[in-house]
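Okay, here's what each chain looks like letter by letter:
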Amino acid sequence: MTPHLQLEDPPRLPSLKTPAGWARGPEVLPPEESEGCAGSLDAAPKKLCGYLSKFGGKGPIRGWKSRWFFYDERKCQLYYSRTAQDANPLDSIDLSSAVFDCKADAEEGTFEIKTPSRIITLKAATKQVMLYWLQQLQTKRWEFHSSPPAPPAAPDAAPAGNGPALRLELEQEEEEREDFLSPVQTPPGLVGVAAALQPVPAKPLALQNISLKHLGTEIQNTVYNIRSNRQAQGTGHGPPGEDPPLSVGPQRAERPLPSDPGTPGKDPADSPKPTAKSSLTANLIQKAKRPNNTFPLFAEGLTRTRPAQEKILALEQQVLMLTKELKSQKELVRILHKALEAAQQEKRASSAYLAAAEDKDRLELVRHKVRQIAELGKRVEALERERESLVQAAGLREQQVQELQRHVQLLLEKNQAKQQVICKLSEKVTRDFTHPPTQPPVPPGAADRDFLSQQEKMEHLKDDMEAYRTQNRFLNSEIHQVTKIWRRVAENEKALLMKCAYLQAKNCQVESKYLAGLRRLQEAAGGEATESSELLRQLTQEALQWEAGEASADGVELSPISEYDEYGFLTVPNYEMEDLKLLAKIQALEVHSHHLLAHEAVERPLRERWAALGDLAPSVELKQLLRAGVPREHRPRVWKWLVQLRVRHLQSPGHYQELLSRGQVREHPAARQIELDLNRTFPNNKHFTCPTSTFPDKLRRVLLAFSWQNPTIGYCQGLNRLAAIALLVLEEEESAFWCLVAIVETIMPADYYSKTLTSSQVDQRVLQDLLLEKLPRLMAHLGQYRVDLSFLTFNWFLVVFADSLISNILLRVWDAFLYEGTKVVFRYALAIFKYNEEEILRLQDGLEIYQYLRFFTKTICNSQKLMTIAFNDMNPFPMKQLRQLRRAHRERLEAELHELEQLKAEYLETRSSRGPAVPDGCTSEDEGEGEA
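Predicted model only: the values in this text are computed from it and were never measured. Chains are numbered independently. Their residues run from 1 in the order of the written sequence. Local features in this predicted model are restricted to residues of pLDDT 70 or higher, and side-chain atom pairs are both shown and tallied only at a pLDDT of 80 or more, whereas totals for entire chains, interfaces and linings draw on every residue. Values shown for side chains rest on all heavy atoms present in the structure; no hydrogens or waters enter the calculation.

## Focus: the overall build of the chain
Phase 1 of the analysis: Only DSSP runs of H or I reaching four residues or more are called helices, and only runs of E reaching two or more are called strands; each is numbered from the N terminus. A count of helical and extended segments in the chain gives 30 helices and seven strands.
Phase 2 of the analysis: Per-residue burial over the chain gives 41% buried out of 932 residues.
Phase 3 of the analysis: Carbon and sulfur atoms form 54% of the exposed surface of the chain, whose accessible area is close to 51,700 Å². Relative accessibility decides the category of a residue: with a 1.4 Å probe and only protein chains considered, values under 20% of the type maximum give buried, values over 50% give exposed, and everything between is partly exposed. All accessible areas in this document rest on Shrake-Rupley with a 1.4 Å probe, and a residue is counted as covered only by the protein chains that are shown.

Spelled out as structure tokens, the structure:
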């Protein structure tokens, strides 16, 4: 049984020996392919190889050089050497990222292979050979991109399950290519194995065909060929009158390969023993000789040995398959052992952590989690590097496609111009034949010559047209295939991005759990000054240090947690207490994790729906989209439309500028309070804290203009935050001003921002009733500890959660609020308490509940869950019920206020009737002045 030759890296080109009428193909066929070799040479599987001329060189030897080209299917590389007998290739061309081009106006048979690094110009013997090479190269490139990656355990074997699907895909690609350019028949004797039997194309000068760039490889190949020929001459004498290939008997095929096989014409017993040399040249010769017995080219020798060879090949294939299956099973067992061992180690670590009595033992688990974080970080970096390479490849593909499209457009224009010229010439010839011009008779010979020259020109033009049609069809097929490859690369990049985002989200979750573990350990350690508490403090300080600078410097992170979000708010608020700092970092990690996990599943489809929405109009679909949230790129446009719906009856051209001009004439009474509140507006937002930012000036002008717009309110604390949110989204002063007007004068009830805040107080009582109805357990628990929620919820309603929720969730609340009104505020207020209900119920002390309520809204990270609670779990929520509750509580509140006013009036009347009485022993102010 003869072993098969496998190409190594760099691959060795096969040697072809031609003395004594015996030759070998460029590659040994695998068992499944060599079964059909009993017939003629043309029946053998076609290998993409043959002689082509390559343009290259420098100086006086620059020109066409004959090269033997051979395609490696495993690496999608096209190798070339000077002759088919050379052992080492001169160089290779990477076809995986190459595009192909042929020019109609170039020399016949010339085509180009364009890679990102260079352009290789080749020339075939005929036009048919050129088209065959181009079609085959396209096919090989598509097969490489379509074939699934080989598993690590068996790189030579393709997965059995993907075979039929891959064949179907290749057949579809073949049919699509036939729509552009019909398949070219294989040129006999010019490509494939048969081309190796042809003599090397001669050049005028022997030096012209030598590659000076690869002179070392040329010398190695020459030495190798000389030694191979000498050894073949010394050992290749068989019986007289019999060719060596024909003496390969069945016994030879059934016997294992000897250590040093002789020539085909000699018996193994007569062959020389292997020498003790271990040089590279001897090994090259031995490797080159072995395939000679495994790739017979003649039918006579194969006819006698075919049954035995078929049995051997079938058994060999079975052994190979069983060996690979055994390897895969062993690898599976090894992986399962590792997984079992890791699970046992995790179980032992968890048991030790639970049973440990000291903090040192518990810190071991923390260190283990740190190592896990480091491993996940490395995996994310590796995936990101792979993604960057795919992005670069996709960019190159896109550039190549654009270049080909421009080239095709130029060719189409040129072809159209030539067709017009041909049509004009044809019309002129027809006109001259039908209506010959009246001119003196010319000699018959001159007319014939003129007719023949015109006919020759027409033939040339027809040839040019046919060449351009062929070029156009090929370029169309090339553009079609390159576009499909680019789409496939884009899909792979998308899959890698999703995988990378998932891993990064898991990394954030692990880091969040690590920080939560540190916090629990800190609480357990208390304020004792021990070695473990010092270590905990150091770990906490390291965890709180910001890594944003390092992540951006490396440029590896897919979407690192930046210091500020997209609207300028601090991602991790800068609290003074260390415990709150740790909580803020945990919350930032949780928010980032939810964002990464929801990006592909929720946000991408939502962006596509918004992009396809078109013109905005009130509808149920728009209502659902606004509740789900508006993407950032669409939010300014949508908010402007929502504001316009509410204030178009109030707007007039130049109204905002007129209000600003009033403030320039005289100062408004509220200007001083506005100035004081400017510095207190969103201290955690860089747009309002940076000294060079223009947002504070814009906010000042918006608030002053509103104070002139609505003198009954003027300015109320809280309006600065409403206007600031509008400015961050809309950015334009006038749009932010009208947004503030829409909220205060059309969305919120009257007297909401008046001095008495009557409507605000009414809404607080309405909220209490709704909480009792929707969340009775929570209200009973809070009532047990006499917790009043109005100290917290009053500010929620006044500024529409501007100080309470993180910006990602806050702006989604505003998206629905600007369209549906105050009903949304009630829904989200109830949803916030429902979101944290279980956490509040676990607290068993009034002080702890108040402390938790101070920051519990900042712990809400999952916007999708909060939105589902607000608009699904809180149903039914009829507006009619809300109006009735408001009306009833307003009447009670007005009655209470009226009663207070009466008590106040009675008190003032009683006091005035008594007069300014001075108690005994006290000196009045008048007496004091008289003494002075």
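## Describing the sheet that holds strand 6 (residues 110-114)
Phase 1 of the analysis: The antiparallel open sheet is built from seven strands, whose spatial order is 4-3-2-1-7-6-5. Two strands bound the open sheet, and with one partner strand each, they are strand 4 (91-94) and strand 5 (99-102). For this sheet, the mean angle separating the axes of adjacent strands, direction not counted, is 35 degrees.
Phase 2 of the analysis: By this definition, two strands are paired if DSSP reports at least two bridges between them. For strand 2 (residues 63-72) and strand 3 (residues 77-81), the ladder comprises five bridges, and the chain directions are antiparallel. Paired with W68 across the two strands is S81, which belongs to strand 3.
Phase 3 of the analysis: In what follows, a contact means two residues having at least one pair of non-hydrogen atoms within 4.5 Å. Only C-alpha atoms enter the line fits that serve as axes; for helices the fit covers just the stretch in contact. Angles between N-to-C directions range over 0 to 180 degrees. Across the sheet, helix 2 (residues 127-146) lies against strand 1 (49-56), strand 2, strand 3, strand 5 and strand 6, angled at about 165 degrees from strand 5, the strand it touches most.

## Examining the side chain of K140
Phase 1 of the analysis: Residue placement: K140 occurs in helix 2.
Phase 2 of the analysis: K140 gets classed as buried once you look at its relative accessible area, which sits at 11%.
Phase 3 of the analysis: Excluding residues within four positions of it along the chain, K140 makes contact with L48, Y71 and E73.

## Let's talk about the nonpolar core
Phase 1 of the analysis: Working definition of a nonpolar core: buried Ala, Val, Leu, Ile, Met, Phe, Trp, Tyr and Cys residues. They are joined through side-chain atoms within 4.5 Å. Membership of the largest hydrophobic core comes to 115 residues, with the highest contact counts inside it found for W610, L719, I743, Y753, F801 and F833.
Phase 2 of the analysis: Shared between two domains, this core takes at least three residues from each, and those domains are domain 2 (618-747) and domain 3 (751-908).
Phase 3 of the analysis: Setting aside its immediate chain neighbours within four residues, L719 contacts L703, F706, I713, L740, V744 and Y753.
Phase 4 of the analysis: In terms of nonpolar packing, the next biggest core, distinct from the first, is built from 37 residues, L48, L90, L404 and L411 among them. Boundaries between domains were set according to an automatic or database domain assignment.

## Notes on helix 16 (residues 671-678)
Phase 1 of the analysis: The complete set of buried residues in helix 16 reads A671, I674, D677 and L678. Buried residues of helix 16, viewed axially, fall in a sector of 125 degrees; they line one side.
Phase 2 of the analysis: Packing partners of the buried residues in helix 16 comprise helix 18 (695-709) and helix 19 (719-730). Relevant arc is that of directions from the helix axis to the C-beta atoms, nothing else.

## Notes on the environment of K65
Phase 1 of the analysis: Among the structural elements, K65 can be located in strand 2.
Phase 2 of the analysis: Look at K65 and you get buried, because its relative accessible area is 7%.
Phase 3 of the analysis: Sequence separation between K65 and L122 is 57 residues, and the spatial gap between their C-alpha atoms is 9.4 Å.

## Digging into the pattern of salt bridges
Phase 1 of the analysis: The salt bridge definition used is simple: a Lys or Arg side-chain nitrogen within 4 Å of an Asp or Glu carboxyl oxygen. A full pass over the atoms with the stated rule returns 31 salt bridges.
Phase 2 of the analysis: R74 is the partner of D72 in a salt bridge, and the nearest nitrogen-oxygen pair spans 4.0 Å.

## Considerations on the UniProt feature "coiled-coil region" (unreviewed entry) in the chain
Phase 1 of the analysis: Look at the UniProt record and you will see "coiled-coil region" (unreviewed entry) annotated at residues 312-421 and 451-478.
Phase 2 of the analysis: Annotated as residues 451-478, this span is 100% helix and 0% strand, and its ends, taken at the C-alpha atoms, are 40 Å apart. UniProt positions are given in the numbering used here, feature names are shortened, and annotations may be inferred rather than shown by experiment.

## Thoughts on unusual backbone geometry
Phase 1 of the analysis: Here the amide bond leading from N875 into P876 is cis, since omega sits at 0 degrees, within 30 degrees of zero.
Phase 2 of the analysis: The backbone phi angle of R786 is positive, close to 55 degrees, even though this residue is not glycine.
Phase 3 of the analysis: Inspection of the secondary structure assignment puts R786 in the loop between helix 22 (776-784) and helix 23 (790-799).
Phase 4 of the analysis: Judged by its relative accessible area of 75%, R786 falls in the exposed class.
Phase 5 of the analysis: Here V800, not a glycine, exhibits a phi torsion of approximately 55 degrees, which is positive.
Phase 6 of the analysis: In this fold, V800 is placed in the loop between helix 23 and helix 24 (807-820).
Phase 7 of the analysis: Taking the relative accessible area as the measure of exposure, V800 reaches 0% and is therefore buried.

## Some words on the packing of helix 14 (residues 635-647) against helix 19
Phase 1 of the analysis: For the pair helix 14 and helix 19, interaxial distance at closest approach is 9 Å and the crossing angle is 130 degrees. In terms of axis orientation, helix 14 runs oblique to helix 19. Mapping the contact onto sequence places R635, P636, W639 and K640 in helix 14 and I725, A726, V729 and L730 in helix 19.
Phase 2 of the analysis: Among the residues forming the contact of helix 14 with helix 19, the class breakdown is six nonpolar, no polar and two charged. Oblique is the label for any angle not under 35 degrees, not over 145, and not in the 65 to 115 range, which are roughly parallel, roughly antiparallel and roughly perpendicular in turn. Residue polarity follows a fixed list, in which Ala, Val, Leu, Ile, Met, Phe, Trp, Tyr, Cys and Pro are nonpolar, Asp, Glu, Lys and Arg are charged, and the others, Gly among them, are polar.

## What about a nonpolar patch on the surface?
Phase 1 of the analysis: A grouping of L215, I219 and V223 is seen on the molecular surface, where their side chains present a nonpolar patch of about 240 Å² in accessible area.
Phase 2 of the analysis: By the element assignment, V223 lies in helix 4 (residues 215-235).
Phase 3 of the analysis: Judged by its relative accessible area of 34%, V223 falls in the partly exposed class. Patches in this entry comprise residues that are over 30% relatively accessible and not in a salt bridge; like charges within 9 Å are linked, as are nonpolar side chains (Val, Leu, Ile, Met, Phe, Trp, Tyr) within 5 Å.

## Observations regarding the side chain of D101
Phase 1 of the analysis: With respect to the helices and strands, D101 occurs in strand 5.
Phase 2 of the analysis: With residues near it in sequence (within four places) discarded, D101 still touches F111, E112, K114, H407, F474 and L475.

## Let's talk about the pairing of strand 6
Phase 1 of the analysis: In terms of burial, strand 6 is largely enclosed, as five of its five residues are buried.
Phase 2 of the analysis: Burial along strand 6 is two-sided: the face carrying T110, E112 and K114 and the face carrying F111 and I113 are both buried.
Phase 3 of the analysis: Bridging between strand 6 and strand 7 (residues 119-123) involves five bridges; their strand directions are antiparallel. Paired with E112 across the bridge in strand 7 is T121.
Phase 4 of the analysis: Where strand 6 folds back on strand 7, the antiparallel hairpin that results is connected by four residues.

## Observations concerning the packing of aromatic side chains
Phase 1 of the analysis: Pairing of aromatic side chains here covers Phe, Tyr and the six-membered ring of Trp, requires ring centres within 6.5 Å, and sorts the geometry by plane angle: under 30 degrees stacked, over 60 edge-to-face, intermediate tilted. Enumeration according to the criterion identifies 20 aromatic pairs in this entry.
Phase 2 of the analysis: Centroid distance F69 to Y80: 5.3 Å. Interplanar angle 40 degrees. Geometry classified as tilted. Of this pair, F69 sits in strand 2 while Y80 sits in strand 3, placing them eleven residues apart in sequence.
Phase 3 of the analysis: On the accessibility criterion, Y80 (3% relative accessible area) is buried.
Phase 4 of the analysis: Measuring from ring centre to ring centre gives 5.4 Å for W796 and F833, while their planes differ by 40 degrees; the resulting arrangement is tilted.

## As for the confidence of the model for the chain
Phase 1 of the analysis: On average, the chain scores 76 in pLDDT, and the residues at 70 or more come to 68%.
Phase 2 of the analysis: The predictor's confidence in any single residue is recorded as pLDDT, a number from 0 to 100. Low pLDDT, under 50, characterises residues 1-45; the stretch is placed with 116 contacts to residues that sit more than four places away or in other chains.

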